[in-house]
Amino acid sequence: MKIPYLSFEKTNQEIEEEINAAFKETFQSAWYILGEKVKTFEKEYAQYSSTQYCIGVANGLDALILSLKALDVKEGDEIIVPSNTYIATWLAVSYLGAIPVPVEPNLATYNIDPNQIEEKITLKTKGIIPVHLYGQACEMDAIMAIASKYNLWVLEDNAQAQAAYYNGKMTGSFGNANATSFYPGKNLGALGDAGAITTNSNELDQKIRVLRNYGSEKKYYNQVKGFNSRLDELQAAFLSVKLKRLQQWTAERKALAAVYHKKLKNIPELILPVTAALADHVYHIFLVRTQKRDALISFLNENNIGTLVHYPIPPHLQEAYKELNYKKGDFPLAEEIAETALSLPLYPGLSEEQLNFICEKIKLFFESN
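Fair warning: this is a prediction, and the values are worked out from it, not measured in the lab.

Caption draft 1: Seen up close, unusual backbone geometry. Here the amide bond leading from His-310 into Tyr-311 is cis, since omega sits at -5°, within 30 degrees of zero. Within the element layout of this structure, Tyr-311 appears in the loop between α9 (293-302) and α10 (332-340). Here the phi dihedral of Tyr-214 falls at roughly 65°; this positive angle occurs in a residue that is not glycine. In this structure, Tyr-214 sits in the loop between α6 (202-212) and β10 (216-218). Tyr-214 sits in the partly exposed class, given a relative accessible area of 43%.

Here it is in structure tokens:
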């Protein structure tokens, strides 16, 4: 049996007919940028996210950058970010000349720890970027309370938690602005790069729409120095097809995760995901931790089971951020996660037989090691 870390086979089969129809319709319309397909998807995704507005952009990183630009982030501003996240969260801050200020996670949930945020706030702090990491909603009530107390904005990075909620409210609807990615591997993925921003602010909606289109509302009339970052018609059409199935696919992910929890819970050396009170987890990634991570990877590879490491080097130790002069030991929780984390296969279409095979091999590894 060969089990890849990720497969689109089942989901692609489910939607192939509709995807082909969406392509044909878009192709024949002869309108490929900022047309009716983008407008339709923006309306659908805003409604799904329980927000008033959605602005489609080229990718998730641009969604973060344009949001920060619209929030008037300036050079030298300090922005609270997680110490353990994909580097895109930090990069967006850096592109505006601002300074990412890392805060360690709750080691149980891997999300930014609200109890550690206040000590990092200074007179230069302008906002907080909580990342709903691996598919679990951050503890947004506490984060929003801190933001309100210090008059800070909040920009949610919702790239990994589409369809999740906290205390009954959708992720991507808490912040002043909320950025997401539709990279193909996301729970709601396009067939190429794509992203979006959700917001309840009419002002931010208008600013971002201008920024994404060269700083122009009317062709050839440029109000500000903008960007070329537009969700294209084809990807919008494909996303509309997939959005209709997001709830079904999310339920499948949760069911698979429940099997992992049941079958792996009695392995003392294996730390399973923990979900915070009031939080939802949509399992973009099923991440486990063990001190024997590298040996487990090799064993699973030998048994034709694919895995990934999210993420082997935390942002503060990346060469790209050497100017911040962080060193090993500065953010020990982020480093511990990077050194012990392993992502197991989990996607709609992973069969019960495959899941049982993975769990049996993991049990065998720990029994033998």
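From this point, things continue past the structure.
Caption draft 2: Examining a nonpolar patch on the surface more closely. A cluster of nonpolar side chains, contributed by Phe-23, Phe-27, Tyr-32 and Ile-33, occupies part of the molecular surface with about 400 Å² of accessible area. Position of Tyr-32 among the secondary structure elements: in the loop between α1 (9-29) and α2 (36-48). Judged by its relative accessible area of 42%, Tyr-32 is partly exposed.

Caption draft 3: Highlighting the pattern of salt bridges. On inspection of all chains with the given rule, the structure shows 20 salt bridges. In this structure, Glu-336 and Arg-289 form a salt bridge, with 3.4 Å as the shortest nitrogen-oxygen distance. With Glu-336 in helix α10 and Arg-289 in strand β12 (residues 286-289), the pair connects residues that are 47 residues apart, well separated along the chain. On the basis of relative accessibility, which here comes to 29%, the residue Glu-336 falls in the partly exposed class. Arg-289 gets classed as buried once you look at its relative accessible area, which sits at 5%. A salt bridge links Glu-360 to Lys-363; the nearest nitrogen and oxygen atoms lie 3.7 Å apart. Of this pair, Glu-360 and Lys-363 are both found in helix α11 (residues 352-368), three residues apart, which corresponds to roughly one turn of the helix. What makes Lys-363 partly exposed here is its relative accessible area of 25%. Each of Lys-10, Glu-14, Glu-18, Lys-244, Arg-245 and Glu-252 takes part in a single network of salt bridges with overlapping partners.

Parameters at a glance
Residues numbered from 1 in each chain as written. Predicted model: local features only at pLDDT ≥ 70, side-chain atom pairs only at ≥ 80, totals over all residues. Heavy atoms only, no water. Helix = DSSP H or I, 4+ residues; strand = E, 2+ residues; numbered from the N terminus. Buried < 20%, exposed > 50% of the residue type's maximum accessible area, 1.4 Å probe, protein only. Patch = residues over 30% accessible without salt bridge, like charges linked within 9 Å, V, L, I, M, F, W, Y side chains within 5 Å. Areas by Shrake-Rupley, 256 points an atom, 1.4 Å probe, with all protein chains shown as cover. Salt bridge = Lys/Arg side-chain N within 4 Å of Asp/Glu carboxyl O.

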